[in-house]
Amino acid sequence: MDRAFRILIPIALGIAVLIAWEVLVRALNIAPFVLPAPSAIWAAFIGDFASLMASLWTTLSITLEAFVLAVIGGVALAVLFSQSRLIETALYPYAVVLQVTPVVAIAPLILIWVGYEHINTALLILAWLVAFFPILSNTTLGLRSADHNLIDLFRLYGASRWQILTKLQFPGALPYILGAMKVSGGLALIGAVVAEFVAGSGTATGLAWRIVEAGNRLQIAKMFAALGLLSVLGIALFFALTWLEWALLHRWHDSAVKKQV
Amino acid sequence: MDLLSLSGITKIFGNGVAALGPMDLSIAQGEFVSLLGPSGCGKSTALRIIAQLLSPSAGHVNFAHGRPETSFVFQEPTLMPWADALTNTRLPLELLHKPRRDADDAAMRALARVGLAGFEHAFPRELSGGMKMRVSLARALAAQPKLLLMDEPFAALDEMTRQSLNDDIIKLAHEDHLTVIFVTHSVFESAYLSSRVVVMSPRPGRITADLSLNPPPNRDADYRMSAHYSDNAKQISAALRDGMERAA
């Protein structure tokens, strides 16, 4: 009942808004290059289905690749930090510099270095830069948050650093890593889209480029269709990561445990 | 026969606080020694030095026959929340690279001995405070230690749970011929459990009294009513007060 309610209410609202939108656009005779009706957006979506799907695939693959590499790189560097204070002290400030420098500002430079002929590599690097830092900082925090008494206990039984890392620090850091992944997944998508905008060239064929292209041609319905696909992509990513978090934590972590009432 | 002895142990922490000593203490094989004192008397510090989790500022710990297999029970259950009772109990054996099947068998036995048969696959959050402490105890026993160090392990538990764990630890220590060093701030707990009570006074922690109790090997609810027990408690209480006055 409660669950059905929580799903049905937003859906009902969405349908109501769509109907109101359609009716208002028709009744007020709003120009399609200002605000197209949902039916026109749907027609554009069907009409350009093949090219939109190809663009979706481009954006999706760049986002996922950047995200996976960000998780691998962030966790690996955090592990390195946890093992060596020296490396952490040396590298951490530069990781922060990368994070606080807006990706839009770095993008032209990266594009020149990588070259427009490898545009997807440039996009990947830019999306990775945005997605990487939350993983690094949260994993570093998580690895450092291990219970001190448990560390003592591990030492008492002669545990190696590897055993402490794999059996104590890493499982303990898992909630931190999964939380960071939810943030990072969304950021990877944002990074990919922003980088495409900056690249602004015909060789980039992702959804952001479709939006720019359709905008230039005043195909507003197609812009909406591409925009809708971007939202769906972001939502799917978020739900997938939320599910992963639940699957890995629900047996033991307070954040994922359903309270008994 | 001494199992271990402390000679001239002092501990001054990095912030300049003199926590302990100098402290001299010999502990024989099979003794159940309580370190009793108010908080801040360095009893936990002494325990950590014996466990070699902390190094003393001066003095040394001597083990007559090399360092015995040692287990440590903390005030908190200190379990891994992502692992079930069996995995938590198996931990010391896993760290010592014992074969998985032997480790599992030993962990199952240890859980059964502390009354948790059937709870092998329960996660810590599914267990009560007393049961979590029992898992912690099972983990300590699974390592088959000769020396068991306990740092106010039952202080956070309710009175009933605490008494039943007290009975269990006496029985288990007896069965395994364990030497136990038990840190507590409870006069009654030390009187019930120990064959010997070492009373300490604070800032810096020093030994002010060393009492032998000769308790019967089997203790139960009746023993808590006996004259022997209450005399012991009185004697310990007096020594504690005396030590505090001298320190003040």
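Every value quoted in this text rests on a predicted model; they were computed, and no experiment measured them.

1. Side note on the interface of chain A and chain B
Taken together, the contact pairs 18 residues of chain A with 26 residues of chain B. Across the chain A to chain B interface the summed buried area is about 2100 Å²; carbon plus sulfur atoms make up 65%. Ranking the residues of chain A by area buried against chain B places L156, Y157 and W252 of chain A at the top, with a combined share of 35%. Summed over the shared surface of chain A and chain B, the number is 3 salt bridges. Residue R48 of chain B pairs with D152 of chain A through a salt bridge whose shortest N-O separation is 2.7 Å. Linking chain A to chain B there are 7 residue pairs in polar contact (both at pLDDT 80 or more). With 6 residues, the single largest contributor to the side of chain A that touches chain B is helix α7 (residues 148-156) of chain A. Per-class residue counts for the side of chain A that touches chain B are 10 nonpolar, 4 polar and 4 charged.

2. Structural notes on the sheet that holds strand β6 (residues 147-151) of chain B
Residue and element names in this part refer to chain B. If you walk across this open sheet you meet the 6 strands as β5-β6-β7-β3-β8-β9, and the pairing is mixed. Every interior strand has two partners, whereas the edge strands, β5 (70-73) and β9 (206-212), have only one. In this sheet, neighbouring strand axes are inclined to one another by 15 degrees on average, regardless of whether the strands run parallel or antiparallel. The pairing of β6 with strand β7 (residues 179-184) spans 5 bridges and is parallel. Counterpart to M150 in the pairing with β7 is F182.

3. Looking at the nonpolar core
Grouped together as the largest cluster of nonpolar side chains are 68 residues, with contacts concentrated most on F154 of chain A together with L4, M23, L35 and I181 of chain B. Sort the elements by how many residues they give to this core and helix α8 (residues 161-199) of chain A lands first, with 9 residues. Non-local contacts of M23 of chain B, meaning those with residues more than four positions away in its chain, are made with L6, S7, G8, I9, L35, A46, M200 and I207 of chain B.

4. A word on the packing of aromatic side chains
Residues and elements named next belong to chain A. Per the stated rule, a full pass over the model turns up 14 aromatic pairs over all chains. Aromatic side chains F238 and F239 sit 6.0 Å apart centroid to centroid with 80 degrees between the ring planes, which places their arrangement in the edge-to-face category. One aromatic cluster in this structure is built from W42, F45 and F49.

5. Brief notes about the pattern of salt bridges
Applying the stated criterion to the full structure yields 22 salt bridges over all chains. Notably, a salt bridge pairs K171 of chain B with E175 of chain B, separated by 3.8 Å at the nearest N-O pair. You can see K171 of chain B and its partner E175 of chain B sitting in helix α5 (residues 159-175), 4 residues apart, about one turn around the helix. Given the relative accessible area of 45%, K171 of chain B is considered partly exposed. Within this structure, K167 of chain A together with R90, E94 and D104 of chain B form a network of salt bridges that share partners.

6. Side note on the packing of helix α6 (residues 119-144) of chain A against α8 of chain A
Residue and element names in this part refer to chain A. Their axes nearest at 6 Å, the elements α6 and α8 cross at an angle of 150 degrees. Relative to α8, α6 is oriented roughly antiparallel. The interaxial crossing formed by α6 with α8 has right-handed handedness. Among the residues forming the contact of α6 with α8, the class breakdown is 24 nonpolar, 6 polar and 1 charged.

Calculation notes
- Residues numbered from 1 in each chain as written.
- Chains lettered and ligands numbered in written order.
- Predicted model: local features only at pLDDT ≥ 70, side-chain atom pairs only at ≥ 80, totals over all residues.
- Heavy atoms only, no water.
- Contact = heavy atoms within 4.5 Å.
- Buried area = accessible area lost by both parts, 1.4 Å probe.
- Salt bridge = Lys/Arg side-chain N within 4 Å of Asp/Glu carboxyl O.
- Polar contact = N/O pair within 3.5 Å; in protein donor to acceptor, adjacent residues only side chain to side chain.
- Helix = DSSP H or I, 4+ residues; strand = E, 2+ residues; numbered from the N terminus.
- Nonpolar A, V, L, I, M, F, W, Y, C, P; charged D, E, K, R; others polar.
- Pairing = 2+ DSSP bridges.
- Axes fitted to C-alpha atoms, helices over the stretch in contact; angles between N-to-C directions.
- Core = buried A, V, L, I, M, F, W, Y, C linked by side-chain atoms within 4.5 Å.
- Buried < 20%, exposed > 50% of the residue type's maximum accessible area, 1.4 Å probe, protein only.
- Phe/Tyr/Trp six-rings, centres within 6.5 Å; stacked < 30°, edge-to-face > 60°.
- Parallel < 35°, antiparallel > 145°, perpendicular 65-115°, else oblique.
- Left-handed = near helix turned anticlockwise from the far one by under 90°.

Any functional reading would require information beyond the geometric quantities listed.
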